[in-house]
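Letter by letter, the chains look like this.
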Amino acid sequence: MGYTALYRKFRPQTFSEMVGQEHITRTLRNQIIANRVGHAYLFNGVRGTGKTTSAKVLARAVNCLNPQDGEPCNECEICKAALDGSLTDIVEMDAASNNSVEDIRSIREEVNFLPTKAKYRVYIIDEVHMLSQGAFNALLKTLEEPPEHVKFILATTEPQKLPATILSRCQRFDFKRIPDEDIIKRLELVCKESNVNATTQALNIIAALSEGAMRDALSILERCIQDGENNIDENKIKELVGIPKLQYIHCITQAIVEYNIDEAMETITKVLNEGKDLNNLLWEIIKYVKDILMVKTNQKLTIYNDEDFTRLQELSEKVKKDVFFEIIFMTYSFVHTKINEEAFPNAINLYNKELMTGRGKGKYMYKNQYREDGEIFLREQMKKYFPNNEIMYIV
C-alpha cells in the first residue's frame, strides 16, 4: 500500500474523535438519535477545521445499518463501502472544478432514482461558493424540496458568497478555529502512533503556526519527519518552515523600541542572508509584539520557554502599550506595500514623518528625538543595508 498523508491517515472516523467542534458534533448526534436529520446542511468555517470530515461522518451515520449513539459503526456493509470509496450513494463533488449548470443538472436527474444500497443518497458539495450563479439557480428547487431519499451537505469557507435563497434552505453550522490545546493533544496522539519524538515546545510552535487548522498542523508535522529522522525540536521546525530565529525577532523589536537603527538593520540583514522571507520576518515581528502586549496585560503564554518569556517580560516593561500598537500598525502596513524606485523618496518622507518624528511630537517610541535631516539619514541607511530596495515600506 502506498504512503498516506498524516491528515488522511488520522482523519476522524466518528464524531467523538473530532476535536474542537463539540457544539456541532453534539447537535448532529442528537439529530441522528432522534431521527430528525435535515435534508440540507451548510458547514462553514476556515480551512482544516473538520467540515469535510464531519460531512463524511454524517453521511455514513444516516446510512449506517447499526448506528451507535448517533455514531456510524464503521463495521457494517454500508460503512465499509463508504470508507473504501465504493459506495455510489455517497457522492462527493468539488464545486471549484464542477461549477457549471450542466454539473448541477446531472445531480437533478440523479436524485429521481432511489439509492442502490444505502437508505439515503447523500451529496457532499465542497467549496460550494465556487458555483456559478446559473448553477445556484439550477440547484435551488432541488435543494428546497428534494426527494425523501436525498440529503445535501454543502461546505464552504466563504458563506457570504452564497445567495440568500441557498442559505435560507440549509441548516447552518459554523466551525470555529480549533484551540491550540486540542491541536497539541491530537498531535501527541499522532506522534505516539507514528513513533515520533517531539518536544513539548515543538508541538506548541506547530499549534501556533497552524492558526486553528488541524490539517495544517498535521502537514507541518509531516514535513518535519520527511527527512527520515523521527526527532522533532523547536529549531527543526523553524528551519523547515522558514521562521527567523526568536533571537533575531527579539533583537529587532528591542532595537525598534530603543531607536537603534544600526542594530535593527544589521539583524534584518542577517535574517535575509540566511534566506528567510521578508514577509515571514514582518509577520513574526507582529506576532512577537502581540505577545508582548499579552504579557503586559498579564496573560499566559505557553509557546515560550522560561528564558524567552523572561526577555519578553523585560521588553514589555520598557515602554507603554501605545508604542507596541504603533509598531504593529506600521509593520502591518509594510507587509502590504512594496517600494519601487519612483516611490522611494515619498516612502522615505512618509516613513520619516510617521516614525522618526512621532507624527511631529515624538510622543510614541522615540523619546522626542527629532531629526531635521531624517529623510536624508534614513535614505542613506536604507541604501547601505538594502541597495536593491528589497525591503518593503508604505508608499
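Please refer to the structure placed before this passage.
Note that the coordinates shown come from a computational prediction; the quantities given were computed from them, not determined experimentally.

Visitor: When you look at the side chain of glutamine 31 in this model, what are you seeing that I'm missing?
Guide: Of note, glutamine 31 is situated in helix α2 (residues 22–33). Here glutamine 31 falls in the buried class, since its relative accessible area comes to 14%.

Visitor: Would you mind going over the pairing of strand β3 (residues 121–126) with me for this structure?
Guide: For a regular strand, side chains alternate in direction, first toward one face of the sheet and then toward the other. With five of six residues buried, β3 lies mostly within the body of the structure. The pairing of strand β2 (residues 90–94) with β3 spans five bridges and is parallel. Within β3, the position partnered with valine 91 by the bridge is tyrosine 123. Once the chain exits β2 it traverses helix α5 (residues 101–110) before rejoining the sheet at β3, and the crossover so formed is right-handed. Bridge analysis of β3 against strand β4 (residues 150–156) gives five bridges, and the strand direction is parallel. In the strand pairing of β4, tyrosine 123 is matched with phenylalanine 152. Since β3 and β4 lie parallel, the crossover through helix α6 (residues 133–144) that links them has a hand, and here it is right-handed.

Visitor: I tried to follow unusual backbone geometry on my own but got confused; where do I start?
Guide: Backbone geometry follows two general trends: most residues other than glycine have a negative phi, and most peptide bonds adopt the trans configuration. One non-glycine residue, asparagine 74, lies in the positive phi region at around 60°. With respect to the helices and strands, asparagine 74 occurs in the loop between α3 (51–63) and α4 (77–83). Residue class for asparagine 74 comes out buried when judged on its relative accessible area of 14%. At glutamate 211, a position not held by glycine, the phi torsion is positive, near 55°. You can see glutamate 211 is positioned in the loop between α9 (200–210) and α10 (214–224). On the basis of relative accessible area, glutamate 211 is assigned to the partly exposed category, the value being 41%.

Visitor: Looking at this structure, I do not really get α9. What am I missing?
Guide: Burial runs high along α9: nine of the 11 residues are buried. Buried within α9 we find Gln201, Ala202, Leu203, Asn204, Ile205, Ile206, Ala207, Leu209 and Ser210.

Cut-offs and rules
- Residues numbered from 1 in each chain as written.
- Predicted model: local features only at pLDDT ≥ 70, side-chain atom pairs only at ≥ 80, totals over all residues.
- Heavy atoms only, no water.
- Helix = DSSP H or I, 4+ residues; strand = E, 2+ residues; numbered from the N terminus.
- Buried < 20%, exposed > 50% of the residue type's maximum accessible area, 1.4 Å probe, protein only.
- Pairing = 2+ DSSP bridges.
- Right-handed = clockwise from strand over helix to strand, strands pointing away.

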